[in-house]
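Structure at a glance
Read off the chains here:
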Amino acid sequence: MKKIQMVDLKGQYEKIKETVNNSIQEVLDTNTYINGPQVSTFQKNLENYLDAKHVIPCANGTDALQIAMMALDLKPGEEVITADFTFAATVEVIALLQLTPVLVDVEIDSFNISIDAIKKAITPKTKAIVPVHLFGQAANMEAIMGLAKEHNLYVIEDNAQAIGANYTFADGSKKKVGTIGHVASTSFFPSKNLGCYGDGGAIFTNDDELAHKLRGIVNHGMYVRYHHDVVGVNSRLDSIQAGVLNAKLPNLDTYNTERRTAANKYNTALSGHKNIIVPSFDLNGDDHVFHQYTLRIIDADRDALMQHLQSKDIPCAIYYPIPLHSQKAYLDTRYKEEDFPATNQLVKEVISLPMHTELEDEQIKFITDSILEFLNK
Ligand SMILES: *Cc1c(COP(=O)(O)O)cnc(C)c1O
């Protein structure tokens, strides 16, 4: 059996080596490392794939979130609601812009932001909600958009983990996640579902005016060369990364299917066990692209299980071990422990297993057998 990787970028690269190499060679041949034709081609390719009116490439997923918030002209002290159980980038940019982050609990079955918790957190100062489609599964966008409309709030989707997932509305219509809110951000960090070979990110919107603003902000606030109308940043996707993404984007649906297939195999082997809760599949249509495959371990020693797996050379990880409301940088006297029952429980129960496009049946069997062996002993 091949050594098991948490993410197997090498195996994936081997299968598309020629296309990727040609794409990179083209950049080297034309010497346009910044804003080369590959970047505008990628922008168009991704707009078509997502059915989004505007894609604005940028340097990484954290910048994408920050720039999205800058373009909405939120004022210091205004409140932005986001999930307590996510990667820190989401809350970090809210705080950086001197907005007030308001962390709320998640739903225990989907790991995604709780609609009831959002409702309780809305105040007259609330200006935006940032749902994170955590681990590849869409947040309950229909309910979130409903609340946003009712309270006149912006919705910024953090789509770093769910690119390619479809969300199905109650009327049966589907949209790609990241095209439902007012604006969305994504990351092309190498291990993401669509990863480049360095840093990369993008912002999506269907709003022409907002898109224009975003294009200026990523480029030093310039709309006309050397005229700086707003305070901007320097955030670019470089041509080599765009070339890699052009080579990989046609495979994204296949990659996501491969992840879903692996998740299904894990679920089949592990569901029904008294100590395991397998991740929910497709709460809203085919909405889960399994950026992570995350189990909950109940009435058993999760950390000892982790050690058992590591002793057998099976990589695994805890995403995320500490709720954001307990992180030193984001402490706030308004938070009470009893407001975060799901997050506080999840940080003790979750364990993420190897998840990527190259998992073999033999590897999945070894992983699931090893988990069951530990829990049944
Ligand atoms: C990866 C990630 C980001 C940040 O993306 P970078 O490209 O690493 O800056 C933001 N939010 C979430 C939920 C992520 O998983």
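Up top is the structure these notes are about.
This text gives an overview of the structure that appears in the document. Residue indices follow the written sequence of each chain, beginning from 1 at its first position. A pLDDT threshold of at least 70 governs which residues receive local features in this predicted model, and a stricter bar of 80 or more applies before side-chain atom pairs are shown or counted, although totals over entire chains, interfaces and linings include all residues. To get the side-chain values, all heavy atoms of the structure are used, and hydrogens and water are removed first.

Quick look at the packing of aromatic side chains
Two aromatic rings from Phe, Tyr or Trp, using only the six-membered ring of Trp, form a pair when their centres are within 6.5 Å; if the ring planes differ by under 30 degrees the pair is stacked, by over 60 it is edge-to-face, and anything between is tilted. Under the defined criterion, the tally for this structure stands at 14 aromatic pairs. Aromatic side chains Tyr 13 and Tyr 197 sit 6.0 Å apart centroid to centroid with 80° between the ring planes, which places their arrangement in the edge-to-face category. One end of the pair, Tyr 13, is in helix α1 (residues 9-30); the other, Tyr 197, is in the loop between β8 (183-187) and β9 (201-205), with 184 residues separating them in the sequence. An aromatic cluster of three or more residues is present, and its members are Phe 85, Phe 87, Phe 111, Phe 135, Tyr 319 and Tyr 320. We count a stretch as a helix when DSSP gives it H or I for four or more residues in a row; a strand needs E for two or more, and each element gets its number in order from the N terminus.

Overview of the nonpolar core
Counting 64 residues, the largest nonpolar core has Phe 85, Ile 118, Tyr 293, Leu 295 and Ile 371 as its most contacted members. With six residues, helix α12 (residues 361-376) is the single largest residue contributor to this core. Each domain's limits were defined by an automated method or a database of domain assignments. Summarising the domain contributions, this core has at least three residues from each of domain 1 (9-250) and domain 2 (252-376). Those residues in contact with Tyr 293, other than ones at most four positions away along the chain, are Ala 263, Tyr 266, Asn 267, Leu 270, Val 278, Pro 279, Ile 351, Ser 352, Leu 353 and Met 355. Here the nonpolar core consists of buried residues drawn from Ala, Val, Leu, Ile, Met, Phe, Trp, Tyr and Cys, with membership extended through side-chain atoms lying within 4.5 Å. A 1.4 Å probe rolled over the protein chains alone gives each residue an accessible area, and that area as a share of the maximum for its type sets the label: buried under 20%, exposed over 50%, partly exposed in between. It only takes one pair of heavy atoms within 4.5 Å for two residues to be counted as in contact.

Quick word on the environment of Tyr 293
One can find Tyr 293 in strand β13 (residues 293-297). In sequence terms Tyr 293 and Asn 21 are 272 residues apart; their C-alpha atoms lie 30 Å from each other. Polar contacts, as counted here, are pairs of nitrogen or oxygen atoms within 3.5 Å of one another; within protein the pair requires one atom able to donate a hydrogen and one able to accept it, and residues that are adjacent in sequence qualify only if both atoms are side-chain atoms. A polar contact of 2.6 Å, which involves the side chain of Tyr 293, links it to the side chain of Asn 267.

Things to note about the sheet that holds strand β5 (residues 154-158)
Within the open sheet, the seven strands sit side by side as β1-β9-β8-β5-β4-β2-β3. Their pairing is mixed. Each end of this open sheet is capped by a strand with a single partner; those strands are β1 (54-58) and β3 (100-104). Going across the sheet, the axis of each strand differs from the next one's by a mean of 25°, ignoring polarity. Pairing between two strands requires that DSSP report at least two bridges joining them. Where β1 and β9 come together, five bridges link them in antiparallel fashion. Among the inter-strand pairings, Cys 58 is bridged to a residue of β9, identified as Gly 201. An axis is simply a line fitted to the C-alpha atoms; with a helix, the fit covers only the stretch in contact. Between two such axes, the angle follows the N-to-C directions and lies from 0 to 180 degrees. Strand contacts of helix α2 (residues 37-50): β1 and β9, with the helix running at about 135° to β1, the strand carrying the most contacts. This element, helix α6 (residues 141-151), spans β4 (126-130) and β5 of the sheet and lies at about 150° to β5.

Describing the side chain of Thr 86
Along the chain, Thr 86 turns up in the loop between β2 (79-83) and α4 (89-96). Using a relative accessible area of 4% as the deciding quantity, one classes Thr 86 as buried. Only 3.4 Å separates the side chain of Thr 86 from the side chain of Thr 90, close enough to count as a polar contact.

Points about the packing of α1 against helix α8 (residues 239-248)
Relative to each other, α1 and α8 sit at 140°, their axes nearing to 8 Å. As far as their axial angle goes, α8 and α1 are oblique. Considering the relative orientation of α1 and α8, their crossing is right-handed. Where α1 approaches α8, its residues Gln 12, Ile 16, Thr 19, Val 20, Ser 23, Ile 24, Val 27 and Leu 28 are matched on the opposing element by Ser 239, Ile 240, Gly 243, Val 244, Ala 247 and Lys 248. Residue polarity follows a fixed list, in which Ala, Val, Leu, Ile, Met, Phe, Trp, Tyr, Cys and Pro are nonpolar, Asp, Glu, Lys and Arg are charged, and the others, Gly among them, are polar. Its residues assigned to classes, the contact of α1 with α8 shows eight nonpolar, five polar and one charged. The scheme is simple: roughly parallel for angles under 35 degrees, roughly antiparallel for over 145, roughly perpendicular for 65 to 115, oblique for anything else. Two helices crossing with the near one rotated counterclockwise from the far one by less than a right angle form a left-handed crossing, whereas a clockwise rotation gives a right-handed crossing.

A few points about the site of the ligand
The full set of residues close to the ligand is Asn 60, Gly 61, Thr 62, Thr 86, Phe 87, Ala 89, Val 132, Asp 158, Ala 160, Gln 161, Ser 187 and Lys 192. In the environment of the ligand, an oxygen atom lies 2.8 Å from a nitrogen or oxygen atom belonging to the side chain of Gln 161. A distance of 2.7 Å separates an oxygen atom of the ligand from a polar atom in the side chain of Ser 187. The residue makeup of the shell around the ligand, split by class, is four nonpolar, six polar and two charged. Proximity criterion: a residue is near a molecule or strand once any of its heavy atoms comes within 4 Å of it.

Considerations on the sheet that holds strand β14 (residues 350-353)
Taken in spatial order, the three strands make up an open sheet running β12-β13-β14, and their pairing is antiparallel. Looking at which strands have only one partner, the edges of the open sheet turn out to be β12 (276-277) and β14. Helix-sheet contacts for helix α9 (residues 252-270) involve β12, β13 and β14, and the interaxial angle to β13 is about 20°.

Quick word on α6
Since the α-helix turns once every 3.6 residues, residues separated by three or four places project in the same direction. Within α6, burial applies to Met 141, Ile 144, Leu 147 and Ala 148. Buried residues of α6, seen end-on, are gathered within an arc of 125° and therefore sit on one face of the element. Opposite the packed face of α6, turned more than 90 degrees from it, sit the exposed residues Lys 149 and Glu 150. Tucked into the core, α6 has its buried residues touching α5 (115-121), β4, β5 and β6 (166-168). After α6 finishes, the residue Asn 152 shows a positive phi value of roughly 60°. By arc we mean the arc of the directions from the helix axis to the C-beta atoms, nothing more.

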